[in-house]
Amino acid sequence: MASATRLLALRVLMLLICAAWVSLWLLKPTELWTRKWHEAEDSSSSTVFRYNALDFAVYTFPLIALAIIGLVYMEVQPRKPKSRQARSSMKALCDPLIVNSYLGILSATEILAVSLFLVFLAWTFYAHISTDFKKLVPAKSLKLNTWQLKFLKVATRFGLLAEACLALLLLPILRGMAIFRIIGIQFEVSVRYHIWLATAMIFFASLHGSSTFFIWGIKHRIQDEMWKWQKTGRIYLAGEIALVTGFVIWITSLPLIRRKRFYIFYYTHHLYIVFLVFFLFHAGDRHFYMIFPGVFLFGLDKLLRIIQSRPQTCILSAKIYPCNVMELILPKDPRSNYTPTSVIFMKIPSISKLQWHAFSITSSSAVNDQTVSLMIKCEGRWTNSLYNMINSEPDTVSSNMKCIPVAIEGPYGPPSMDFLRYDSLILVAGGIGITPFLSILQEIYSTRNRNISRIPTRVLLTHVMKKSEDMSLLNPIAPLLMNQIAEEGELKLKAFVTQEERPNQTVRGLLDEFLLVKTINFDTECSNNALYGLESFLWMAGITGFSCVIFIIFLCIFNYVFIPVVKKTSKEKNPSWIADLLLLSAFSIAIICSAVVGIILRWRKLLTRKEIPPPFSQKQEKGMERRVALEEHEIHFGGRPNLQDILLKFPSETCGYNIGVYVCGPESMKKSVALACKKTSQGFKISSKEKKPFFTYHSLNFTL
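Residue numbers restart at each chain and count upward from 1, following the sequence in its written direction. Totals for whole chains, interfaces and linings use every residue, but because this is a predicted model, local features are given only for residues with pLDDT of at least 70 and side-chain atom pairs only at 80 or more, for both listing and counting. Only hydrogens and water are set aside when side-chain values are computed; all heavy atoms of the structure are taken into account.

Draft legend 1. Broad picture of the packing of aromatic side chains. Two rings from Phe, Tyr or Trp (for Trp, the six-membered ring) form a pair when their centres sit within 6.5 Å of each other. Planes less than 30 degrees apart are called stacked, planes more than 60 degrees apart edge-to-face, and all others tilted. Overall, the coordinates contain 35 aromatic pairs when judged by the stated rule. Their ring planes at 50 degrees and their centres at 4.9 Å tell us that Trp37 and Tyr59 sit as a pair that is tilted. With Trp37 in helix H2 (residues 31–44) and Tyr59 in helix H3 (residues 50–76), this residue pair connects regions lying 22 residues apart in the sequence. According to the relative accessible area criterion, Tyr59 is buried, its value standing at 4%. The interplanar angle of 55 degrees and the centroid separation of 5.8 Å between the aromatic rings of Trp229 and Phe281 together place this pair among those described as tilted. Pair noted here: Trp229 is in the loop between helix H8 (222–225) and helix H9 (236–251) and Phe281 is in helix H12 (residues 272–283), with a separation of 52 residues, a long-range link. Per-residue accessibility, obtained with a 1.4 Å probe over protein chains only, is compared with the maximum for each type, and a residue is labelled buried under 20%, exposed over 50%, and partly exposed between these values. Under the relative-accessibility criterion, Trp229 is labelled partly exposed at 38%. Here Phe281 falls in the buried class, since its relative accessible area comes to 10%. Feature note: the residues Phe56, Phe279, Phe288, Tyr289, Phe292, Phe296, Phe551 and Phe587 constitute an aromatic cluster, connected by ring pairs. Throughout this description, the term charge over a ring refers to an Arg CZ or Lys NZ atom that lies within 6 Å of the ring centre and within 35 degrees of the ring normal. For the cation-ring pair, Lys150 lies above Phe133, with the distance from its terminal atom to the ring centre recorded as 5.2 Å. The ring of Phe345 carries the charged tip of Arg175 above its face, separated from the ring centre by 3.6 Å. Secondary structure elements follow DSSP: runs of H or I of four or more residues count as helices, runs of E of two or more count as strands, with numbering from the N terminus.

Here it is, written out as structure tokens:
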């Protein structure tokens, strides 16, 4: 009861802060807010805090406070649900509403959020433009007429719309401090919101820059204006550098480049530092405080991730599957637990010292608390290099191979296991998309054996693959498929091989054929460190609060020492770039102090580290071969599944009404499953007195 009260109090507090922050953005374009805010800044100028601390407290800190409270909330939140979840109208808003080839899969919640954001942008633009047109002041240097002056004002306000998009841009890609995790949206899903915001930001920034250049061109002043680095006000050259940098980042992020030349996408994305610094110089520190929450949290998040990835660990063993897939087994500290569908980021310095790649965890910490495993399909330069490095080792059993050092970030996953709340589950996987479901299935059956909580009574695994050799991907759950008893937690497999015809073949026959895989054990002398996971949410909340205090202290000291108080009547003004540099300096010091705290916490963990477990032995592999065939499993050749038919028939095979549908695979498969859920759910009325089944759609990613 006390825990539920704490959770409710934290939810209400987060809701109030979020409402206050949104209200602030809505009031900011109004004349009333502008007048009152200037009075507040003038009053604070005579204090030790100056206007900077006021801007930080009002514009920046609310979102940081939301992140801090959110971290505390996720620490208090129970990891496993205590009861089934009831169907509500709020849950229904998260179901797919629009499914097409252009927009993808959109829920009612996403459509509502995008619509409200567009209304906010329209309101911001209208409020500023209406005020500007009432108070037109001719630009002395350009000598513009009325329409040219209005056009220039419009161009300037397009820059504010780009600023609004930038304020949210970094929030979806936070990992350890992810705000979106509070509402159940994981990092690998929220990445697309980052893409939407980046595209909108580049669009408005392009209108802002091109319209300004248009006015300069009319007055034949492009050469004079574009190279200006003004002492005060907007620095044009800095804005141009920021715009060009943003264009480079955006263009190299397009799917055509990102998928075929990932390293180009990866390296150019690090130009975000250049972009943010020159945006600060262009817009000034007062505008920068509006986007500073995302920058502040991203900087801390990046710092803690760097510390967490030290020191390096090593690969214990690797399994080579016949379908060009590797399974890597890494050491894990028994105290570090993760939830199914979690993702880790891995870097192998011997391949690239900078590139990090994300992979789904296929194991369960409830089954094995000393190791973590992941599957990697060879599809690009980095993965092929790793495959060749592992597979080229001598095929010997008597001795271990030379170890491969790796750096690990994560795991990052949902704070709780909501999939346990469903009466039944339908898991739809395409090829290597089976990986997150391997951890889910192991967790379900481990939970059943321990009698900890209720679990889904029926699980249907639909695995679609091109070749029958992809059946080897089911190797980690082969005992679950073949040794299960027809009782609570029953698992049924429907496999579809689309590019082969093998009549009279059975699931057991294919599992027998592809069960034996090549296993390579590695030497572990290169490292005695395991995967320790993230710091606790409470420690991250504490570090965030500590960093804010350090930032305010040093910002006030720098302002007092380096920026003299200038009277409003004085014609001499302090260069605006000085305040920008002081902001960057205070932020850098805050980050460094937080790094010291993070290093101490990491060092404390390393002092109590456990020994690395030995690599898997061949005896353990053979122990998995003892199984009993289960005739219920199905395998189909030469065609794709009729997903709508599967969903329609499934309720008759189970006694549950609340059915979770999880899909992981190509975008086309996700759209097909979402469309099937949408069409099938049309026949089930939630308001009906009679209990009828309903399907809740969830999309997962096995990599980024």
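Let us keep going from here.
Draft legend 2. Broad picture of the pattern of salt bridges. Salt bridges are counted wherever a side-chain nitrogen of Lys or Arg sits within 4 Å of a carboxyl oxygen of Asp or Glu. A full pass over the atoms with the stated rule returns 13 salt bridges. A salt bridge links Glu41 to Arg286, with the nearest nitrogen and oxygen atoms 3.3 Å apart. Note that Glu41 is positioned in helix H2 and Arg286 in helix H13 (residues 285–308), a separation of 245 residues in sequence. A relative accessible area of 6% places Glu41 in the buried class. We classify Arg286 as partly exposed; its relative accessible area is 40%. Residues Lys228 and Glu225 are paired through a salt bridge, measuring 3.4 Å at the closest nitrogen-oxygen approach. A network of salt bridges, in which partner residues are shared, links Arg175, Asp301, Arg305 and Glu409.

Draft legend 3. Examining the sheet that holds strand E4 (residues 317–321) more closely. A sheet is described by the order of its strands in space; here four strands give the open sequence E8-E5-E4-E13, paired in antiparallel fashion. Single-partner strands in this sheet number two, and they are strand E8 (371–377) and strand E13 (518–521). Strand-to-strand twist of the sheet, defined as the mean angle between neighbouring strand axes without regard to direction, takes the value 20 degrees. Two strands pair when backbone bridges link them, and E4 and E13 are joined in this way by four bridges, in the antiparallel orientation. Considered in E13, the bridge of Lys319 is made with Thr519. Contacts are assigned to residue pairs that have any heavy atoms within 4.5 Å of one another. Fitting a line to C-alpha atoms yields each axis, with helices limited to the stretch in contact; the angle taken between N-to-C directions then spans 0 to 180 degrees. Packing against the sheet, helix H14 (residues 381–391) makes contact with E4, strand E5 (325–331), E8 and E13, and its axis sits at approximately 75 degrees to E5. A strand pair is defined by DSSP finding two or more bridges across the two strands.

So yeah, pure geometry; function would need other evidence.
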